[in-house]
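# Survey of secondary and tertiary structure
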Amino acid sequence: MFDKTSQFKTVITSDNCKELIHKTVNKICDVVGSSLGPSGKLTIMRKPNGYISLSKDGVSIAKNLEEMSSFEESVISKILLQAAEKTAFNAGDSTTSTLVLAQDIYNQVYSLEGHHNYNEIKRGIDHAVKEVLEKVEKRAIEISSEEDIKSVALVSSNNDHKVADLVAEAYFKLGKNALIYTKESDLQATCSINYLEGFIVDRGFESAKFVTNEVDEKCVLENPYVLMTEEKINSIFEIDKILQAVKTKGRSIMILARDFAPNVINDLVSYRMQNLKVCAAKSPDFGDQRKRTLEDIATVLGGQIISMENGVTFSQLSFAHLGECDSVEVSKNVSKFSGGKGDSENIQSRIDLIKSQMNGKDVDDLYTKHKYVERLSRLRGVIATIIVGANTESERGELKDRFEDAIFACKVALAKGVVPGGGSVFAKMSKPITPEINTDFQIGVNVINFALTAPIRKLLTNAGYEESQIVKIIDDVQISKKEFGFNVLTGKMVNLLEEGIIEPVAVLEESLKNAASVASSLILTDNIIF
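We now turn to the structure provided with this report.

Of regular secondary structure, the chain possesses 19 helices and 21 strands. Projected onto the principal axes, the alpha-carbon positions of the chain cover approximately 85 × 65 × 50 Å. In the chain, which comprises 530 residues, the share counted as buried stands at 52%. Contacts in the chain between residues far apart in sequence, at least 24 positions, make up 75% of those at least 6 positions apart. Summed over all atoms, the accessible surface of the chain reaches about 24500 Å², with 49% contributed by carbon and sulfur. Across the chain, the centroid of the 63 positively charged side chains sits 3 Å from that of the 74 negatively charged ones.

Okay, here's the thing in structure tokens:
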């Protein structure tokens, strides 16, 4: 019941701790929750560097609140932000719904009177969440049409049609395993989409002195050999023999390595000055993923990876180990290999292998599946880049957030399916409360039952509906057919599937799971030390 402060630590205990958590949860979640849905509001944010931006993105708003909170509040806001970020990481959207659900779950338990076993309440919460997630998965509907993809993007981008149109076009053209990037541009006030062919990796040149085109700031090598290694190149003498052989042939060479000693890059620049067309970049990704990506590149280019594991050392290096392509274009951050000389049957076998691994029973987390999707897109050789243009920097930033939310939401919708949106699925799963069963376990179950209506309540609140209207609308939704719900833009009960008001299954699953997790953790917290 008391606070202690020492030279090094501050300790907040018991009632003071609970009051701080309660105040901070509501402060953060009220602001973030105001952005939910097509009628959600923008938030103006000032960053510590003085930059002003506008956003309806839940994580962006929560991060800004964390930065501006008092130190003790920031301890709580960091925990909330972790839940929102985990939803964003795994589902790409619904960070706002995560915090709306977390706030409702926490406040219900906080308001309980009398003595309770909070561990039992948490057990009831976990049990109810598990049941709900199983039911949601059973309701999943597969999507494939451009119109369905656009519907997902439309909901995720807060009803922004220009965002939804471009995202749907990219996915429909490239397929559900499409790799789509976003890039801000201050040279145009509108948004557009570019399609790039080739094997593209997120690694650029190690030195600007490799640049061959000063205007575009790119190194372009025609008909190059490609050296690929999992090892660090510590000395130029390790690869000098092959460099001289490439120079004698009048060809160029691209080098991908785990790392380079500083003197190696300097020596390679010197070779370039001596008319050897060369460029060097670090291998993409990290750890096991780097190995897999290098193997993909080697398959496309028809080369072999130099590594101790493969039993091939630099001293054994020959032309037989090098990959080849028509050209490689390297910028500060990206390398694009075009016209790889790998065997088409080997490439197709690699694609089939990745598909098989992606659909394996051991792959159940979305992050791993997304990495498989990226690899498939690269092997197929086409990616899309959405150029985000707007009149002001703050508008561009907010628009980029919408594009990225929509891209990720469509990705998970294509992977796991969709359900009717507008908060209807959770609302229909909300069971009547049974007050005669008042065990703490049942209280936890009932908390989730009521919290399932929190997203639709917040959607309606943001659309300007009063409490009595909200109660009536939720009642109507709960008794309607499973594909029906309330359209807050038209103010009518509609067939949500026909209206295109849908949301990805993964979004619902991640938002509820992470909301319950963070709320339960805060419920069980009795002390804060910082």
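Before going further, it helps to spend a moment on the pattern of salt bridges. Within the structure shown, the criterion is met by 24 salt bridges. A salt bridge links Arg375 to Asp296; its shortest N-O distance comes to 2.7 Å. Placement of the pair is Arg375 in helix H12 (residues 366-380) and Asp296 in helix H10 (residues 287-301), with a sequence separation of 79 residues.

A word on the sheet that holds strand E16 (residues 382-389). Pairing is mixed in the open sheet, where three strands are placed in the order E5-E16-E6. At either end of the open sheet lies a strand with only one pairing partner, and these are strand E5 (180-185) and strand E6 (192-197). The mean angle between the axes of side-by-side strands here comes to 30°, regardless of whether they run parallel or antiparallel. Both E6 and E16 contribute to a ladder of six bridges, which runs antiparallel. Paired with Tyr195 across the two strands is Ala384, which belongs to E16. Across the sheet, helix H7 (residues 161-174) lies against E5, E6 and E16, angled at about 25° from E6, the strand it touches most.

One can find Arg396 in helix H13 (residues 393-416). A distance of 3.5 Å separates a polar side-chain atom of Arg396 from the backbone oxygen of Ala390. Among all residues touching Arg396, those that are not within four sequence positions of it are Glu184, Ser185, Asp186, Val388, Gly389 and Ala390.

In this structure the tally under the stated criterion is three aromatic pairs. Ring centres of Tyr465 and Phe486 lie 5.7 Å apart, and the angle between their planes is 80°; this geometry places the pair in the edge-to-face category. Of the two residues, Tyr465 is situated in the loop between helix H16 (454-462) and helix H17 (467-479) and Phe486 in strand E18 (residues 484-487); the sequence distance between them amounts to 21 residues. Over the ring of Tyr195 we find Lys173; its NZ or CZ atom is 4.0 Å from the centre of that ring. The ring of Phe319 has Lys249 lying over it, and the distance from NZ or CZ to the ring centre is 4.3 Å.

In this section: helix H19 (residues 505-523). Note that an α-helix has 3.6 residues per turn; residues three or four places apart therefore point the same way. With 19 residues, H19 extends 27 Å between its outermost C-alpha atoms, agreeing within 8% with the 27 Å of an ideal straight helix rising 1.5 Å per residue. Most of H19 is tucked away, with 16 of its 19 residues classed as buried.

The grouping of Leu42, Ile44, Ile52 and Leu54 at the surface amounts to a nonpolar patch, some 370 Å² of accessible area in total. One can find Leu42 in the loop between helix H1 (14-33) and strand E3 (43-46). Classification of Leu42 by relative accessible area gives partly exposed; the value is 46%.

Quick notes on the rules
- Residues numbered from 1 in each chain as written.
- Predicted model: local features only at pLDDT ≥ 70, side-chain atom pairs only at ≥ 80, totals over all residues.
- Heavy atoms only, no water.
- Helix = DSSP H or I, 4+ residues; strand = E, 2+ residues; numbered from the N terminus.
- Buried < 20%, exposed > 50% of the residue type's maximum accessible area, 1.4 Å probe, protein only.
- Contact = heavy atoms within 4.5 Å.
- Areas by Shrake-Rupley, 256 points an atom, 1.4 Å probe, with all protein chains shown as cover.
- Lys, Arg positive; Asp, Glu negative; His and termini not counted.
- Charge placed at Lys NZ, Arg CZ, Asp CG, Glu CD.
- Salt bridge = Lys/Arg side-chain N within 4 Å of Asp/Glu carboxyl O.
- Pairing = 2+ DSSP bridges.
- Axes fitted to C-alpha atoms, helices over the stretch in contact; angles between N-to-C directions.
- Polar contact = N/O pair within 3.5 Å; in protein donor to acceptor, adjacent residues only side chain to side chain.
- Phe/Tyr/Trp six-rings, centres within 6.5 Å; stacked < 30°, edge-to-face > 60°.
- Lys NZ or Arg CZ within 6 Å of the ring centre and 35° of its normal.
- Expected span 1.5 Å × (residues − 1).
- Patch = residues over 30% accessible without salt bridge, like charges linked within 9 Å, V, L, I, M, F, W, Y side chains within 5 Å.

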